[in-house]
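Below are the chains, spelled out letter by letter.
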Amino acid sequence: MKKGRLVSLPSLREAARRNPDSVLPRQRAEIRPSAFLVSWGQEKLFCIRTYGCQANVRDSEILRLFLLQMGMKETEDILRADFVLFNTCAIRENAENHLFGELGRIKASVLSRRAFVAIGGCMMQEEKPVSTLLSRYPFVRLLFGTNNIERFYELLEQALREEDTYVDVRSQPQALVEYECEQEKGRLSPYSAFVDITYGCDNFCTYCIVPYTRGRERSRRKEDIVREVLALKERGYRQVTLLGQNVDSYGKDFHGPYAFADLLESVAQTGIDRIRFTTPYPSDFNAKVFSVMARYPNIMPSLHLPVQSGSDAILRRMNRRYTREEYLNVVRLLRSMIPDVFLTTDIIVGFPGETEKDFQDTLSLCEECQFDGAFTFLFSPRPGTPASRMEDTATDEEKHDRFERLKDRIDQLATKSASRTVSTTVPVLFEEVSKRDPSRISGYDEHGRLVHVTGDKSLLGTIRPVDILESHTYSLIGALHDEGPSF
Ligand code: SAH
Ligand code: SF4
Ligand code: F3S
């Protein structure tokens, strides 16, 4: 087995440790590449592949900025890249197979071009994939994790100088870093931006790897967040999405003086056109947040509120800290305060011990909530989590059958919800030109629904009223209100 320089290997056990009394240092980091890295980067092309959730997308933007600062240019074509970066996810098992498949696919071109391959992200926080990479993929040169992104230049320079594989994964976050570099340059969209508000998660839902891969929960200061939103607004951004694994526990780690509702209000007062946030945790959510949402028209009337299951027995085994009835109460309160709210959720099917009766409870909860959409997942055991050791009773066939039945029901609900928008006029923030048809411009309405119109790229970054002509399950077709129907 090729070893390389193993500075620090991942340990899920070590990552599970929480010490609420220790205060993480806050660090302001102006991150610049050394002359060595700049000279290495000249004339080189990089390609980043990002998997997983928005937290990873945001981290990839920061890494993208680092690579741009070295003078590299970006390419979408992984086979032409001199520098390939995978930012990995660990939420489900198939992520590993996917990564190894990709590595197999690019191996020949990497070896012939002597390209540099680096892998970061949540999967690198786990022992098993790291050891597989070290033994079977010696052409991978740098492995790092979610807790040392700010040391990326240092790690890369060492790996380049030593001409060997370099592994540095930290199981615990070392500091809360505020980047003082030109962040906008790394961002993928000039209109819509992700803004981290908390990192990590302390909830330890029994199926979930995130508290291990992302470390203890820590919140950025309100001043830093508001400053970032104001800077984005000044540069013409129209929308921010506040990110955290559990946004409503914002501020708990520094024990006040403000909570998520206060932060949300401060962000709304910046006057940026559109504000979204994800992900809230049902039992931490309260009327104070809904009242801020109801009072500020620039906070979008949509909420992604993961329920995971409609059965109390399963929720308990998942270590979700609410009952079915408590979830329904939150939804009732939400609908009474924001009647036109767009409500989506996450659901896991086939959790260990799930019976047909438990599954029926999930189906009936979907009826009661009338979700506008949902992400549905088949339970995937993650090594190191309690649920991976729980006894499983249902067969794979039963689980797949439940999964299909749930998906059908969710598709029906989503189709019904989308059809209600036909013949209405909705404001759309345009963000993308279709790759296949340049006259098709796409954006999102206030509820977060995807809307396509015929137009040109001058629409990008504008918010325009659109008449909805046609609805599909997960998209709407419309025409610019002021120009009459174009379909
Ligand atoms: N922090 C967010 C989202 C975390 S991951 C939250 O708490 O809602 C996104 C979704 O992936 C989860 O909501 C859950 O539905 C799903 N998920 C997480 N771990 C999983 C696992 N082991 N198997 C299947 N789905 C999982
Ligand atoms: Fe995972 Fe639960 Fe934390 Fe969400 S709240 S990231 S599902 S442990
Ligand atoms: Fe995946 Fe890590 Fe996000 S495991 S879902 S990328 S927090």
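These numbers were taken from a predicted model, which means no experiment stands behind them. (Residues numbered from 1 in each chain as written. Chains lettered and ligands numbered in written order. Predicted model: local features only at pLDDT ≥ 70, side-chain atom pairs only at ≥ 80, totals over all residues. Heavy atoms only, no water.)

Q: Give me helix α13 (residues 356–369): which residues, what numbers.
A: End to end, α13 covers 20 Å across 14 residues, agreeing with the expected 20 Å (1.5 Å per residue, within 8%). Residues Asp358, Phe359, Asp361, Thr362, Leu363, Leu365, Cys366 and Cys369 constitute the buried set of α13. Tucked inside the fold, the buried residues of α13 contact α11 (312–317), α12 (324–337), β16 (342–349) and α14 (396–419). Backbone geometry just after α13 places glutamine 370 at a positive phi near 45°. (Helix = DSSP H or I, 4+ residues; strand = E, 2+ residues; numbered from the N terminus. Expected span 1.5 Å × (residues − 1). Buried < 20%, exposed > 50% of the residue type's maximum accessible area, 1.4 Å probe, protein only. Contact = heavy atoms within 4.5 Å.)

Q: Quick one: what's the story with the site of ligand 2, residue by residue and with numbers?
A: What surrounds ligand 2 is the set Cys201, Asn203, Phe204, Cys205, Tyr207, Cys208, Val210, Pro211, Gln245 and Arg320. Class assignment of the residues belonging to the shell around ligand 2 gives a composition of seven nonpolar, two polar and one charged. (Near = heavy atom within 4 Å. Nonpolar A, V, L, I, M, F, W, Y, C, P; charged D, E, K, R; others polar.)

Q: Could you give an account of the pairing of strand β21 (residues 463–471), naming the residues involved and the relevant values?
A: Strand direction decides the pairing type here: strand β18 (residues 425–433) and β21, joined by five bridges, are antiparallel. The residue of β21 that forms the bridge with threonine 425 is aspartate 467. Inspection of the sheet shows β21 paired to strand β22 (residues 476–480) by five bridges, in the antiparallel sense. The residue of β22 that forms the bridge with serine 471 is leucine 476. Hairpin connection between β21 and β22: a loop of four residues separates the two successive antiparallel strands. (Pairing = 2+ DSSP bridges.)

Q: Break down the nonpolar core for me, with residues and values.
A: Counting 56 residues, the largest nonpolar core has Leu242, Phe260, Leu264, Phe277 and Leu303 as its most contacted members. In terms of residue count, helix α9 (residues 260–269) provides more of this core than any other element does, six residues in total. If sequence neighbours within four positions are ignored, leucine 303 has contacts with Phe277, Pro280, Phe285, Phe290, Met293, Leu334, Val341, Phe342, Leu343 and Thr344. (Core = buried A, V, L, I, M, F, W, Y, C linked by side-chain atoms within 4.5 Å.)

Q: Provide a residue-level description of the sheet that holds strand β20 (residues 450–454), including the pertinent values.
A: Read once around its circumference, the closed barrel built from five strands follows the order β18-β19-β20-β22-β21, with strand pairing classed as mixed. Direction aside, the axes of adjacent strands within the sheet are offset by 55° on average. Across four bridges, β18 lies against strand β19 (residues 440–444) in antiparallel orientation. The partner of phenylalanine 430 across the bridge, within β19, is glycine 443. (Axes fitted to C-alpha atoms, helices over the stretch in contact; angles between N-to-C directions.)

Q: Give me the lowdown on the packing of helix α10 (residues 287–295) against α12, citing residues and values where you can.
A: For the pair α10 and α12, the least separation of the axes is 10 Å and the interaxial angle reads 25°. One way to sum up the angle between α10 and α12 is to call them roughly parallel. The hand of the α10/α12 crossing is right-handed. Two secondary-structure elements touch here, α10 through Ala287, Phe290, Ser291 and Ala294 and α12 through Val330, Leu333, Leu334 and Met337. Of the residues contributing to the contact of α10 with α12, the split by class is seven nonpolar, one polar and no charged. (Parallel < 35°, antiparallel > 145°, perpendicular 65-115°, else oblique. Left-handed = near helix turned anticlockwise from the far one by under 90°.)

Q: Break down the packing of aromatic side chains for me, with residues and values.
A: According to the stated counting rule, one finds 18 aromatic pairs in the structure shown. Ring plane angle 90° and centroid distance 5.4 Å describe the contact between phenylalanine 204 and tyrosine 212, whose orientation is recorded as edge-to-face. On the basis of relative accessibility, which here comes to 22%, the residue phenylalanine 204 falls in the partly exposed class. Tyrosine 212 sits in the buried class, given a relative accessible area of 9%. Judged by centre distance (5.7 Å) and plane angle (75°), the rings of tyrosine 281 and tyrosine 322 are edge-to-face. Pair noted here: tyrosine 281 is in the loop between β14 (274–278) and α10 and tyrosine 322 is in the loop between α11 and α12, with a separation of 41 residues, a long-range link. (Phe/Tyr/Trp six-rings, centres within 6.5 Å; stacked < 30°, edge-to-face > 60°.)

Q: Give me the site of ligand 1: which residues, what numbers.
A: Lining the immediate surroundings of ligand 1 are 15 residues, of which Tyr207, Gln245, Gln308, Asp346 and Ser380 lie closest. In this structure, a nitrogen atom belonging to ligand 1 sits 2.8 Å away from a main-chain N or O atom of glutamine 245. Separating an oxygen atom of ligand 1 from a side-chain N or O atom of glutamine 308 is a distance of 2.7 Å. Out of a free accessible area of 540 Å², ligand 1 has 89% covered by protein chains. (Polar contact = N/O pair within 3.5 Å; in protein donor to acceptor, adjacent residues only side chain to side chain. Areas by Shrake-Rupley, 256 points an atom, 1.4 Å probe, with all protein chains shown as cover.)

Q: Go over the sheet that holds β14 with me, naming the residues and quoting the values.
A: With parallel pairing, the three strands of this open sheet are ordered in space as β10-β13-β14. Each of the sheet's edge strands pairs with one partner strand only, and the pair in question is β10 (192–196) and β14. The sheet shows a mean angle of 25° between the axes of neighbouring strands, taken without regard to direction. Bridge count for strand β13 (residues 239–243) against β14 is five bridges, and the pairing is parallel. The partner of leucine 242 across the bridge, within β14, is phenylalanine 277. Packing against the sheet, helix α3 (residues 54–69) makes contact with β10, β13 and β14, and its axis sits at approximately 100° to β10. Lying on the sheet, α9 is in contact with β13 and β14; it crosses β14 at an angle near 155°.

Fair warning: the whole summary comes from geometry, so function is off the table for now.
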